[in-house]
Amino acid sequence: FTVKTQSPSAAMSSIAAVGESYQKFNPRAYLQNNYMPPRADFSSEDCVVPWKLRCLAEAFATGDIHGRTLIDIGSGPTIYQLLSACDHFEEIIATDYLEVNREVLRQWVRGEPDSFDWSPYIKHVCRIEGKGEQWKEKEQKLRGKLRQILPIDVHQPEPLGSQLCQPADALVSTFCLEAVSPDRLSFERALRNVTTLLQPRGHFLLIGALEESFYLAGEAKLSVVPVSEADVKEALSKNGYHIHDFRSYLMPPSLKIGVDDVSGVFFVHAQKQPVA
Ligand SMILES: C[S@@+](CC[C@H](N)C(=O)[O-])C[C@H]1O[C@@H](n2cnc3c(N)ncnc32)[C@H](O)[C@@H]1O
Ligand SMILES: O=S(=O)(c1ccc2c(c1)CN[C@@H](CF)C2)N1CCSCC1
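Residues numbered from 1 in each chain as written. Chains lettered and ligands numbered in written order. Predicted model: local features only at pLDDT ≥ 70, side-chain atom pairs only at ≥ 80, totals over all residues. Heavy atoms only, no water.

Draft legend 1. Spotlight on the packing of aromatic side chains. Per the counting criterion, the structure on display carries 16 aromatic pairs. Here the aromatic rings of Phe 25 and Tyr 30 are separated by 5.3 Å at their centres, their planes lie at 40°, and the arrangement is tilted. On the basis of relative accessible area, Phe 25 is assigned to the buried category, the value being 8%. The class of Tyr 30 is buried, set by a relative accessible area of 11%. Seen in terms of ring centroids, Tyr 80 and Tyr 121 are 6.2 Å apart; in terms of plane orientation they differ by 40°. Their pairing is tilted. Note that Tyr 80 is positioned in the loop between strand 1 (67-73) and strand 2 (89-96) and Tyr 121 in helix 5 (residues 119-129), a separation of 41 residues in sequence. (Phe/Tyr/Trp six-rings, centres within 6.5 Å; stacked < 30°, edge-to-face > 60°. Buried < 20%, exposed > 50% of the residue type's maximum accessible area, 1.4 Å probe, protein only. Helix = DSSP H or I, 4+ residues; strand = E, 2+ residues; numbered from the N terminus.)

This is how it looks when you write it as structure tokens:
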């Protein structure tokens, strides 16, 4: 059999095409499609949003994941993925490819009146963490820790360019790598690139879409490389990670409303192994 390898120029042009497709990405439409009712349902712990928040809260509740800095890879216009992290790091760095998303995050940090209302998520996380924390306290705490909102390109060997002084103690990334990679090889290379941002023995919490091929964000229709559990595990192992925990959520048919064709969601707690 022949092994299909892509020429560097072909790989670059398909990555360029992804970047071009993101120019039409509409943050508000994206938030509407994925983070507002009816899809964003908190009515049962079995719903996908409570499941995601519980995965993150339980990982941080182990006490194993802490340090000075945490970087969120491909934050987009969302902050839910950082709510359980903010008690465990001095500084949280959000990143995204698009200025429109970085500006949405800045608006939230500034507490601007028409910024997205994350209070249902903050209230839910305070409840499941069970520390008696008031939601406005957690909201202000996260705002205080989100001190840098940086441009990133996971397809670059140095995704943050020269902006990063030293590798982070932990990484978080949600629905980014598979949503910006034209194929599995690019997905693995993007993971290799972002791994350079993480200290050896650093922890990586990764959430993503299983077997998704597209999603909508306003005028933009974005291609997604369909990945299976095995693909994600293989990519992590190839990049020197030990997998502490891997969980999957099967998307109920009722949540398939046309804004994407996601089949499920994965959560991974992985740790970068030191080079021998
Ligand atoms: C599906 S959204 C995920 C947003 C958010 N993390 C969440 O959980 O909903 C994918 C994000 O990846 C960003 N992105 C696009 N191309 C990228 C690239 N080359 N490197 C890093 N991020 C990129 C997009 O701007 C978008 O915000
Ligand atoms: O948290 S989710 O599982 C979720 C949240 C975000 C996304 C997806 C899924 C799938 N498409 C991604 C595109 F990359 C973005 N969820 C989907 C069901 S309704 C609430 C939001």
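Draft legend 2. A look at the site of ligand 1. Around ligand 1, a shell composed of 21 residues is seen, among which Tyr 30, Tyr 35, Tyr 80, Asp 96 and Thr 174 lie nearest. Between an oxygen atom of ligand 1 and a side-chain N or O atom of Tyr 30, the distance comes to 2.5 Å. In the environment of ligand 1, an oxygen atom lies 3.1 Å from a nitrogen or oxygen atom belonging to the side chain of Asn 101. Burial of ligand 1 by the surrounding chains reaches 98%, relative to a free accessible area of 590 Å². For the shell around ligand 1, the per-class residue count stands at twelve nonpolar, seven polar and two charged. (Near = heavy atom within 4 Å. Polar contact = N/O pair within 3.5 Å; in protein donor to acceptor, adjacent residues only side chain to side chain. Areas by Shrake-Rupley, 256 points an atom, 1.4 Å probe, with all protein chains shown as cover. Nonpolar A, V, L, I, M, F, W, Y, C, P; charged D, E, K, R; others polar.)

Draft legend 3. The arrangement of the UniProt feature "binding site: S-adenosyl-L-methionine" (unreviewed entry) in the chain in detail. The UniProt feature table records "binding site: S-adenosyl-L-methionine" (unreviewed entry) at Tyr 30, Tyr 35, Gly 74, Ser 75, Tyr 80, Asp 96, Asn 101, Asp 153 and Val 154. Judged by maximum C-alpha separation, these annotated positions cover 125 residues in sequence and are scattered in space, the widest gap reaching 24.0 Å. In this view, Tyr 30 contacts Phe 25, Tyr 35, Pro 77, Thr 78, Tyr 215 and Ala 217; residues no more than four positions away in its chain are not counted. Within the secondary structure, Gly 74 is located in the loop between strand 1 and strand 2. Residue Gly 74 is classed as buried on the basis of its relative accessible area of 11%. Here Gly 74 is in contact with Thr 95, Asp 96, Ile 152, Thr 174 and Cys 176, once residues within four sequence places are set aside. (UniProt positions renumbered as here; feature names shortened; annotations may be inferred. Contact = heavy atoms within 4.5 Å.)

Draft legend 4. Structural context of the site of ligand 2. The full set close to ligand 2 counts 15 residues, and Tyr 30, Asn 34, Arg 39, Lys 52 and Glu 212 are the nearest of them. Here a nitrogen atom of ligand 2 and a side-chain polar atom of Glu 212 are 2.7 Å apart. Against a free-state accessible area of 470 Å², the protein chains account for coverage of 100% of ligand 2. Counting residues per element, the ones that place at least two in the shell around ligand 2 are helix 2 (27-35) and helix 3 (48-61). When grouped by side-chain class, the residues that make up the shell around ligand 2 number ten nonpolar, one polar and four charged.

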